[in-house]
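# Observations on chain architecture
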Amino acid sequence: MRRPLVALTLAAALLVTAACGSDSSTDEAGGTDDVTDVTVGIIPIVDVAPIYLGEEKGFFAKRGINLTMESGQGGAAIVPGVVSEQFQFGFSNVTSLLTAQTADVPVQIVANGVASTGNPEADFGGVVVREDSPIQTAADLAGKKVAVNTLKNIGDTSVRESVRKAGGNPDDIEFVEMAFPQMPAAVEGGQVDAAWMVEPSLAIAKDAGGRVVAWNFVDTAPNLTVAVYFTSTKLAQENPELVENFQEAMAESLSYANAHPDEVRTVLRSYTDIDQAILDAMTLPMWPAEINRASIERVAELGLADGVFESEPDLDALLP
């Protein structure tokens, strides 16, 4: 997240409340006649491909959900948008939501979003260096300048864990905030010593000769749950049927995406401008229907130790 949580909470309070509308119509997929308009705040990245597939396949429509995706700049916009009911649901990485929970922002996780492949040789996120860099292992990142997309978030927490596991000291890493699309050129040009990237930036950097020296998601926890879908505590309490329908549709969408990687690459063309060669070369993440609670507990533990959270997150309050 790019704003302090105090600002985030104030932003949530200032946003205008927009209740979800509903009407009555016939569902062509054979579902309910009662249709609810639902807006989901997302970031247009590889991770959210299943929700686009689910809409395309009618998984939401058959449960009475008329789905609209609205792009946000990141969690700093999506979290307060969900709290204010501008969005009924949102997508965010787990560290951002753990941070929100410790600041008493009233949100609740409702469905899985995206997970690491768990493969120490091929994941959808990794730390990249130039081909001729003297950095050979994660331990060599100690004392170096490393780019992450957001400071004090899941990127630097997981990179630190990679360095620890390789026997290095992560305390003096200089983390630099940088947007993912800028990272391949920054590594190649020497502006940073290394960068934590996710797809498609990872495939772009590898295509230019970059080397992966750490698979930080894999190092953090087996089959790490990286991001999730969430709603406001208010909506979860007032409209549990809608939440349940959304959960069921997301579970079907996630399972379908896992089983149809070719269709994932096709749907990505509908909301991104990723070059076809990069689309074909990318390592896709995993989309399990179930949230890996143990992996989120590990992220919370590491974030607390690294000073990302001011207090210990309450996972029971956040997780379904």
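Presented here is a report on the structure given in the accompanying data block. (Residues numbered from 1 in each chain as written. Predicted model: local features only at pLDDT ≥ 70, side-chain atom pairs only at ≥ 80, totals over all residues. Heavy atoms only, no water.)

### So, the packing of aromatic side chains
Spelled out, the test is: Side-chain rings of Phe, Tyr and Trp (the six-membered ring for Trp) are treated as a pair once their centres are within 6.5 Å; stacked means planes under 30 degrees apart, edge-to-face means over 60, and tilted covers the remaining angles. The numbering of helices and of strands both runs from the N terminus, where a helix is a DSSP run of H or I of at least 4 residues and a strand a run of E of at least 2. To sort residues, take the accessible area from a 1.4 Å probe on protein chains only and compare it with the maximum for the residue type: under 20% means buried, over 50% means exposed, and anything in between is partly exposed.
Within the structure shown, the criterion is met by nine aromatic pairs. For the ring pair Phe89 and Phe246, a centre distance of 3.9 Å and an interplane angle of 5° mean the geometry is stacked. You can see Phe89 sitting in strand β4 (residues 89-93) and its partner Phe246 sitting in helix α10 (residues 240-259), a full 157 residues away along the chain. Judged on exposure class, the residue Phe89 and its partner Phe246 are both buried. With 6.1 Å between their ring centres and 70° between their planes, Tyr229 and Phe246 make a pair best called edge-to-face.

### Concerning the pairing of strand β2 (residues 34-42)
Stated precisely, the cut-off is as follows: Note: two strands are recorded as paired if DSSP finds a minimum of 2 bridges between them. Call a crossover right-handed when, viewed with both strands pointing away from you, the route from the first strand across the helix to the second goes clockwise.
In terms of residue burial, β2 counts as a mostly covered element, since seven of its nine residues are buried. Relative to strand β3 (residues 65-71), β2 is paired through seven bridges, and the arrangement is parallel. Directly across from Asp37, in β3, lies its bridge partner Asn66. Crossover handedness for the path β2 to helix α2 (residues 49-57) to β3: right-handed. The pairing of β2 with β4 spans two bridges and is parallel. Looking at β4, one finds that Val40 is bridged to Phe89.

### Brief notes about the environment of Asn258
Going by this rule: Note on contacts: a residue pair qualifies if any of its non-hydrogen atoms lie within 4.5 Å across the two residues.
Structurally, Asn258 can be placed in helix α10. Taking the relative accessible area as the measure of exposure, Asn258 reaches 31% and is therefore partly exposed. Residues Asn258 and Pro50, 208 residues apart in the sequence, show an inter-C-alpha distance of 8.5 Å. For Asn258, the residues in contact, after removing those within four places along its chain, are Pro285, Met286, Trp287 and Pro288.

### Here's the deal with the nonpolar core
Counted only if it meets this: Working definition of a nonpolar core: buried Ala, Val, Leu, Ile, Met, Phe, Trp, Tyr and Cys residues. They are joined through side-chain atoms within 4.5 Å.
Residues Ile51, Tyr229 and Phe246 are the most contacted members of the largest nonpolar core, which totals 98 residues. Counting residues per element, this core draws most heavily on α10, at eight residues. Apart from the residues lying within four places of it in its own chain, the contact partners of Ile51 are Val40, Phe60, Leu67, Met69, Tyr229, Phe246 and Met250.

### With respect to the pattern of salt bridges
Here is the rule: Here a salt bridge means any side-chain nitrogen of Lys or Arg lying within 4 Å of a carboxyl oxygen belonging to Asp or Glu.
In total, this model carries 13 salt bridges according to the counting rule given. For the salt bridge of Arg164 with Glu161, the shortest nitrogen-to-oxygen distance reads 3.1 Å. Here the residue Arg164 and the residue Glu161 both occupy positions in helix α5 (residues 154-165), the gap between them amounting to three residues, near one helical turn. By relative accessible area, which is 5% here, Glu161 ends up buried. Across the pair Arg293 and Glu297 runs a salt bridge whose closest N-O atoms are separated by 3.0 Å. On the criterion of helical spacing, the pair formed by Arg293 and Glu297 is a turn pair, its members being four residues apart in helix α13 (residues 293-305). Judged by relative accessible area, which is 32%, Arg293 ranks as partly exposed.

### Structural notes on the packing of α2 against α10
Worth spelling out the cut-off: Every axis in this analysis is a line fitted to C-alpha atoms, fitted for helices over the stretch in contact. Angles between the N-to-C directions lie between 0 and 180 degrees. Geometric relationships in this document are graded by angle, where less than 35 degrees denotes roughly parallel, more than 145 denotes roughly antiparallel, 65 to 115 denotes roughly perpendicular, and other angles denote oblique. Three classes are used: nonpolar for Ala, Val, Leu, Ile, Met, Phe, Trp, Tyr, Cys and Pro, charged for Asp, Glu, Lys and Arg, and polar for all others, with Gly counted as polar.
Interhelical geometry of α2 versus α10 gives an angle of 105° and a closest axis separation of 8 Å. Looking at the two axes, α2 sits roughly perpendicular to α10. On α10, the residues touching Pro50, Ile51, Leu53, Gly54 and Lys57 of α2 are Phe246, Met250, Ser253, Leu254, Tyr256 and Ala257. Split by residue class, the contact of α2 with α10 holds eight nonpolar, two polar and one charged.

### Focus: unusual backbone geometry
Residue Pro200 is reached from Glu199 by a cis peptide bond, and omega for that bond is 10°. In this structure, Glu85 takes a positive phi of about 75° despite not being glycine. Structurally, Glu85 can be placed in the loop between α3 (75-83) and β4. The phi torsion at Asn223 lies on the positive side, around 50°, for a residue other than glycine. For Asn223, the location among the structural elements is in the loop between α8 (216-220) and β11 (225-232). Exposure remark for Asn223: the relative accessible area of 44% places this residue in the partly exposed category.

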